[in-house]
Amino acid sequence: KAGVTQTPRYLIKTRGQQVTLSCSPISGHRSVSWYQQTPGQGLQFLFEYFSETQRNKGNFPGRFSGRQFSNSRSEMNVSTLELGDSALYLCASSLGLAGGKDVETQYFGPGTRLLVL
Amino acid sequence: SQQGEEDPQALSIQEGENATMNCSYKTSINNLQWYRQNSGRGLVHLILIRSNEREKHSGRLRVTLDTSKKSSSLLITASRAADTASYFCASKAAGNKLTFGGGTRVLVKP
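Residues numbered from 1 in each chain as written. Chains lettered and ligands numbered in written order. Predicted model: local features only at pLDDT ≥ 70, side-chain atom pairs only at ≥ 80, totals over all residues. Heavy atoms only, no water.

### Quick notes on the packing of aromatic side chains
With the rule as written, the count across this model stands at nine aromatic pairs over all chains. Aromatic side chains Tyr35 of chain B and Phe100 of chain B sit 5.8 Å apart centroid to centroid with 50 degrees between the ring planes, which places their arrangement in the tilted category. Here Phe100 of chain B lies in strand β10 (residues 98-100) and Tyr35 of chain B lies in strand β4 (residues 31-37), a separation of 65 residues in the sequence. Pairwise contacts between aromatic rings join Tyr35, Phe45 and Phe108 of chain A together with Tyr35, Phe88 and Phe100 of chain B into one cluster. Geometry around Phe50 of chain A places Arg55 of chain A over its ring, the cationic atom sitting 4.3 Å from the centre. (Phe/Tyr/Trp six-rings, centres within 6.5 Å; stacked < 30°, edge-to-face > 60°. Helix = DSSP H or I, 4+ residues; strand = E, 2+ residues; numbered from the N terminus. Lys NZ or Arg CZ within 6 Å of the ring centre and 35° of its normal.)

### Regarding the pairing of strand β3 (residues 19-24) of chain B
All names here are of chain B. Only one face of β3 is buried, namely the one carrying Ala19, Met21 and Cys23, since none of Thr20, Asn22 and Ser24 on the opposite face is buried. Sheet analysis places strand β1 (residues 5-7) next to β3, joined by three bridges and oriented antiparallel. Residue pairing in the sheet places Asp7 in a bridge with Asn22 of β3. In this sheet, strand β8 (residues 71-76) lies alongside β3 in antiparallel orientation, the contact comprising six bridges. If you follow Ala19 over to β8, its bridge partner there is Ile76. (Buried < 20%, exposed > 50% of the residue type's maximum accessible area, 1.4 Å probe, protein only. Pairing = 2+ DSSP bridges.)

### Brief notes about the pattern of salt bridges
A side chain with one charge may pair with a side chain of the opposite charge, provided their charged atoms come close. As enumerated under the stated definition, the model contains eight salt bridges over all chains in all. Glu75 of chain A is the partner of Arg73 of chain A in a salt bridge, and the nearest nitrogen-oxygen pair spans 3.3 Å. When its relative accessible area of 24% is taken as the criterion, Arg73 of chain A is described as partly exposed. Between Lys56 of chain B and Glu53 of chain B there is a salt bridge, with its nearest N and O atoms 3.9 Å apart. Judged by its relative accessible area of 27%, Lys56 of chain B falls in the partly exposed class. (Salt bridge = Lys/Arg side-chain N within 4 Å of Asp/Glu carboxyl O.)

### Focus: the side chain of Gln33 of chain B
By the secondary structure assignment, Gln33 of chain B is in strand β4. If we skip the residues at most four places from it in the chain, Gln33 of chain B touches Glu104, Thr105 and Gln106 of chain A together with His45, Ile47, Leu48, Phe88, Cys89, Ala90, Lys92 and Leu98 of chain B. (Contact = heavy atoms within 4.5 Å.)

### Description of the state of the cysteines
Applying the stated criterion across every chain, the model contains two disulfides over all chains. Disulfide pairing is shown between Cys23 of chain A and Cys91 of chain A; the S-S distance is 1.8 Å. Between Cys23 of chain A and Cys91 of chain A, the disulfide has an S-S torsion of 65 degrees and is therefore right-handed. Remark: Cys91 of chain A occurs in strand β9 (residues 87-94) and Cys23 of chain A occurs in strand β3 (residues 19-24); sequence separation between them is 68 residues. The exposure class of Cys23 of chain A is buried, given its relative accessible area of 0%. A relative accessible area of 0% places Cys91 of chain A in the buried class. Between the sulfur atoms of Cys23 of chain B and its disulfide partner Cys89 of chain B the distance amounts to 2.0 Å. Measuring the twist about the S-S bond at about 75 degrees, one finds the Cys23 of chain B-Cys89 of chain B disulfide to be right-handed. (Disulfide = S-S within 2.5 Å.)

If you want it as structure tokens, here you go:
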């Protein structure tokens, strides 16, 4: 079974621009979560989507948004980029349903490394 | 901060030795998970321990959980150079939000 894929893998943007990152979950997984990883703040939860609805949200400004499509693929968007948005953005997928031996295990993609200049 | 704490922040050992790292978290949890990350790449799930479990084994990994102290430990036995990575604990309460610790960087010297 193919793992979680993220595109693009690397991205360079300038301040003020916007960016869209994509995540394709493992086949059959309906939950996609996004995390930001920086040296200073570590791994922080952005949001989770399940069946095209945002189910959980972290403490990030409204510049960070996301969506999920009917095939469970997810995108996250960051508008008006700031230097501090430079980070590794990780998405993780899981079944998202109650029951099942690994329902609560999240499988991570390789990440998108974003550099804001 | 929403993060838990992990200690030590870094660990250097010889191949064949055991590596132990600890994690503390702040709120009641549903389960706690450990992940490995190699050089800023994706996270690899290692082991999950539920809140009603006290100890779990998987190969060379042993995880303990003390919910009264809100702490967990990960032991890697007979370490190998390939175990060199950063290790993160992640606590899970309701929903699918994982709250990660700051991580422990482990260097296994051949």
